[in-house]
Amino acid sequence: MGPTDPSFAERERHVEALFAALRRADVGAAVALFADDAHIMRIRYAGGHVSGGHMVATGRTDIARSLREFVRRAPVIRAAAFSWEGEGLLVRVECSLDGPHGGREQWSRLVGYDFAGGLISHVRETTHDDEE
């Protein structure tokens with residue numbers, strides 16, 4: 001499988017639908033794109049190595065809570081690039097959102113999306129120690 005495989009394009013459209021729902025602050029539409037038992041994990045890097053990580057949300061209810069917090073910050077989010085990673089999709093995500101202390105903040109991260117049954121089953125978001 002790879003970028004010319006039809007499922008690659010389907011997964012790209014799925015992630016684009018997620019980002020469109022987040023830009024509209026439509027948490028219900030965003031959560032509908034996740035499997036019931038999906039989870040979101042944040043992995044931290046420092047000096048080119050994994051320095052830690054934690055589970056952000058597990059299951060649709062917890063994912064909805066996490067996404068509600070995210071959309072309160074008025075995100076402008078987009079996929080800058082897609083690539084194939086095993087059976088999943090690796091996305092360079094660019095985002096601008098309200099900062100916790102005013103103003104806007106911007107970031108660009110690699111985010112891995114795995115799929116099962118046509119739904120997002122696992123999200124791995126990378127951050128750097130200085131972004132936490």
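From a predicted model like this one, the values you see are computed outputs, not experimental measurements.

Novice: I keep staring at the pairing of strand β5 (residues 104–116) and nothing clicks. Help me out?
Specialist: Successive residues of a regular strand alternate their side chains across the two faces of the sheet. Where strand β4 (residues 88–98) lies against β5, 10 bridges are found, and the strand directions are antiparallel. Within β5, the residue paired with Leu 97 across the bridge is Glu 105. Between β4 and the antiparallel strand that follows it, β5, lie five residues; Gly 102 among them carries a positive phi value of about 95 degrees.

Novice: Help me understand the environment of Ile 43 in this model?
Specialist: Inspection of the secondary structure assignment puts Ile 43 in strand β1 (residues 34–46). Since its relative accessible area comes to 17%, Ile 43 is described here as buried. Taking the C-alpha atoms as reference, Ile 43 lies 4.2 Å from Gly 53; in sequence the two are 10 residues apart. When sequence neighbours within four positions are dropped, the list of residues in contact with Ile 43 reads Val 50, Gly 52, Gly 53, Arg 124, Glu 125, Thr 126 and Thr 127.

Novice: What is the right way to read the packing of aromatic side chains from this model?
Specialist: The geometry of two aromatic rings is summed up by the distance between their centres and the angle between their planes. In total, this model carries one aromatic pair according to the counting rule given. Judged by centre distance (5.1 Å) and plane angle (40 degrees), the ring pair of Phe 8 and Trp 84 falls under tilted. Taken as a pair, Phe 8 in helix α1 (residues 6–23) and Trp 84 in strand β3 (residues 76–85) lie far apart in primary sequence, 76 residues in all. On the basis of relative accessible area, Trp 84 is assigned to the buried category, the value being 17%.

Novice: Which parts of the structure should I look at to understand the nonpolar core?
Specialist: What tends to happen in soluble globular proteins is that the nonpolar side chains get buried as a cluster. Ranked by size, the top nonpolar core spans 35 residues in total, and within it Leu 18, Phe 19, Leu 22, Phe 34 and Tyr 113 carry the most contacts. With six residues, the single largest contributor to this core is α1. Beyond its immediate sequence surroundings of up to four residues, Leu 22 is in contact with Ala 30, Leu 67, Phe 70, Val 71, Pro 75 and Ile 77.

Novice: What am I meant to see in the layout of surface pockets here?
Specialist: Over the atoms rolls a probe the size of a water molecule, and in doing so it shows where empty space is left. Estimated volume of the largest pocket: approximately 610 Å³. Within the residue set of the lining of the largest pocket, elements represented by two or more residues are α1, β1, α3 (59–71), β4, β5 and β6 (119–128). Here the lining of the largest pocket is built from residues that sort into 15 nonpolar, three polar and nine charged.

Novice: Can you help me understand the pairing of β4 in this one?
Specialist: Examined bridge by bridge, β3 and β4 share nine bridges and lie antiparallel to one another. For Ser 83, the partnering residue across the bridge sits in β4 and is Leu 90. If you look at the hairpin formed by β3 and β4, you'll find two residues sitting between the two strands, and Gly 86 has a positive phi there, around 60 degrees.

Novice: Explanation requested: the confidence of the model for the chain in the structure shown.
Specialist: Detailed reading of predicted coordinates is not advised where the pLDDT is low. Summing up the model confidence of the chain, the mean pLDDT is 89 and the portion of residues at 70 or higher is 92%. Considering each helix and strand of the chain separately, the mean pLDDT is smallest for strand β2 (residues 49–58), with a value of 87, and largest for helix α2 (residues 27–31), with 98.

What counts, and at which threshold
Residues numbered from 1 in each chain as written. Predicted model: local features only at pLDDT ≥ 70, side-chain atom pairs only at ≥ 80, totals over all residues. Heavy atoms only, no water. Pairing = 2+ DSSP bridges. Helix = DSSP H or I, 4+ residues; strand = E, 2+ residues; numbered from the N terminus. Buried < 20%, exposed > 50% of the residue type's maximum accessible area, 1.4 Å probe, protein only. Contact = heavy atoms within 4.5 Å. Phe/Tyr/Trp six-rings, centres within 6.5 Å; stacked < 30°, edge-to-face > 60°. Core = buried A, V, L, I, M, F, W, Y, C linked by side-chain atoms within 4.5 Å. 1 Å grid on protein atoms, 1.4 Å probe; cavity = no way out; pocket = protein on both sides within 12 Å on 5 of 7 lines; lining within 4 Å. Points joined across faces, edges and corners; volume = space filled by probe spheres on them. Nonpolar A, V, L, I, M, F, W, Y, C, P; charged D, E, K, R; others polar. pLDDT = per-residue confidence, 0-100.

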